[in-house]
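A structural walkthrough
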Amino acid sequence: MKIVTSGVAAAILSTTMLVGSALAQEKTLRIGMTAADVPRTHGQPDQGFEGNRFTGIPMYDALTHWDLSSADKPSVVIPGLATEWSVDAADKTKWTFKLRPGVKFHDGSPFNADAVVWNVEKVLKKEAAHFDPSQVGVTVSRMPTLRTARKIDDLTVELTTSEPDSFLPINLTNLFMASPTHWAAKLAAVPASVTDPVQRAQQAWVAFAAEPSGTGPFRGVRLVPRERFEMVANKGYWDPARTPKVDRVVLLPLADANARTAALLSGQADWVEAPAPDAMAQITSRGFKIYSNPQPHVWPWQFSFADGSPWLDKRARHAANLCVNREELKTLLSGMMGVPKGSVSPDHPWWGNPTFDIKYDPATAKKLMTEAGYSASKPLKVKVLTSASGSGQMQPIPMNEFLQQALKECFFDVELDVIEWNAVFTNWREGAKDPKARGANAINVTFATMDPFFAMVRFVSTKTFPPVSNNWGYFGNDEFDGLIAKARSTFDAKERDAALANLHKRIVEEAPFLWVAHDVGPRAMSAKVKGVVQPKSWFIDIAPMSID
């Protein structure tokens, strides 16, 4: 054992006190995520929408933003790096976006039309030197009609789509703007011995991710994969309302709900996502706060319609939806869920009044299964691909085990295949026919319903079959494509809502999902965290928060 002399010990103690004092003066917010790893930091995060929430929105901006400033009103799209936009009256595949002047990236370079074109091409133009295949899947699947970007002048850009698409301004909330100048510097630093352009680009993106540069309210400064990511305040942020009040944010990947809860209770985290439901009373009794709000976010099973799938029979799909006592599940989750009637609620303008009523009716469920040829002695075997944690997955293991037992009563024999979250999320785009689906005929991935494409279109269009987007189960036909085309090509808001209501009505009636819960986004925070607005959104804004 090494012996430290008293003089050296005193010096170490003095240094430690000075460092501790400096850290004490710095306002640091520590967040325990459900992800098992830090979401990608290069501008197009993985780890589902938890990635957008924690490494997308804080460090980057998009042309359009979600308004996350209210806990009472639904979040809507507002100007971000674009101040205004319009569709061409004569050619509705062309959009003009006016850009915000005076915005700079974290590296000091200007944001302008060239930067927008560069960021569109990073995921759409394979010949571009900076094209990054790793960013394509999580981006293009969320804005599938965008095709090109063209600079008109420094503060004006034209975007074109493959077809008239009134959803484009909403979809663009997912395209985060990274600094072309900063990336070019990283490319220039790649050793000359690396001569292959693709490999050089990949190495530049890896270096960029370690030292990101966006225009957002926070700037990334330290990445330790699977352990932590640190961001510091961008005090020169262009929006005074979102200039950060904390100095540093530390993201901690904590996939296990009990581990997250323990980190909060022990003071290792100031905020944890989805705390363990059975610890809610303990959390509040210790002075911590639980924030929640109904969210446009569904916790489902998505069914396969590939040849041979047991879900091809609509009677089985309806029976599954009638066999789950969701109020009992809600009690299991300490009240932290909403009971769904479809992808959107009956008070939503897209509701459409479906003829199929999602409710707990086991007698009708058993009758349907009997008609389909199943019984307690001859159950229908189904296999579900799920994860132990992940973005929006709430409490996937106990929830899926609850479903397994509930459906057994209605003659289903459910096999749960639990794999790593990112593998599940990746297969969501690869599809049920891909070997990495592991023979599953249902997949458990939550989805946001904030906009028409995310809520409905990507799951029921023949144009979004894998790997284009998230129609994992290959559900779709001419009827649904027609309903989608009507909604997408309608630019009047009320008429579009009516078209979307027709689409939602038919989705619920055909039941390509087992709708289990609506998330309410429970997160537990130290009472020291102030200025928290829990919006009616899957996202939340860190920038206005402070910590005592």
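The text that follows walks through the structure, step by step, so that each part is easy to find. (Residues numbered from 1 in each chain as written. Predicted model: local features only at pLDDT ≥ 70, side-chain atom pairs only at ≥ 80, totals over all residues. Heavy atoms only, no water.)

Section: the overall build of the protein chain
We count it as follows: A run of H or I in DSSP becomes a helix once it reaches four residues, and a run of E becomes a strand once it reaches two; helices and strands are each numbered from the N terminus. For this measure, only C-alpha atoms enter the radius of gyration; the expected value for a globule follows 2.2 Å times N^0.38, where N is the number of residues. The cut-offs for exposure are 20% and 50% of the maximum accessible area for each residue type, with area from a 1.4 Å probe on protein chains only; residues under the lower value are buried, those over the upper are exposed, and the others partly exposed. Throughout, a residue-residue contact means that at least one pair of heavy atoms, one from each residue, lies within 4.5 Å. Here the Shrake-Rupley method, with its probe set to 1.4 Å, supplies the accessible areas, and only the displayed protein chains count as covering residues. Neither His nor the chain ends is counted toward charge; the positive residues are Lys and Arg and the negative residues Asp and Glu. Charge coordinates come from a single atom per side chain, which is NZ of Lys, CZ of Arg, CG of Asp or CD of Glu.
Within the protein chain, the secondary structure is distributed over 17 helices and 21 strands. What you see for the protein chain is a C-alpha radius of gyration of 24 Å, in line with the 24 Å of a compact globule of 548 residues. The burial tally for the protein chain puts 57% of its 548 residues in the buried class. A separation of at least 24 residues holds for 70% of the contacts in the protein chain among residues at least 6 apart in sequence. Carbon and sulfur atoms make up 55% of the accessible area of the protein chain, which amounts to about 21,700 Å² in all. One finds the centroid of the 60 positive side-chain charges in the protein chain at a distance of 2 Å from the centroid of its 58 negative side-chain charges.

What about the pattern of salt bridges?
Pairing of side chains with opposite charge becomes possible as their charged atoms draw close. Test applied: Salt bridges are identified by distance alone: a Lys or Arg side-chain nitrogen within 4 Å of an Asp or Glu carboxyl oxygen.
Considering all chains together, one arrives at 33 salt bridges under this definition. In this structure, the salt-bridge partner of E158 is R150, at a minimum N-O distance of 3.3 Å. A salt bridge links E509 to R506, with the nearest nitrogen and oxygen atoms 3.0 Å apart. Taken as a pair, E509 and R506 lie in helix α17 (residues 493-510) at a separation of three residues, close to a single helical turn. Take E509 and R506: they sit in the same class, and that class is buried.

Here we look at the packing of aromatic side chains
To keep things clear, this is the line we draw: Stacked, tilted and edge-to-face are the three classes assigned to paired rings of Phe, Tyr and Trp, where Trp is represented by its six-membered ring and a pair needs centres within 6.5 Å; plane angles under 30 degrees give stacked, over 60 edge-to-face, the rest tilted. Remark: a charge is flagged as sitting over a ring if the NZ atom of Lys or the CZ atom of Arg is within 6 Å of the ring centre and within 35 degrees of the ring normal.
For the structure on display, the rule yields 25 aromatic pairs. When the ring of W95 is compared with that of F97, the centres are 6.4 Å apart and the planes differ by 35°; the resulting orientation is tilted. The two residues W95 and F97 agree in class, both being buried. Seen from their ring centres, Y237 and W238 are 5.1 Å apart, and the 45° between their planes marks the pair as tilted. Over the ring of F491 we find K92; its NZ or CZ atom is 5.7 Å from the centre of that ring. When the ring centre of Y474 is taken as reference, the NZ or CZ atom of K433 above it lies at 4.2 Å.

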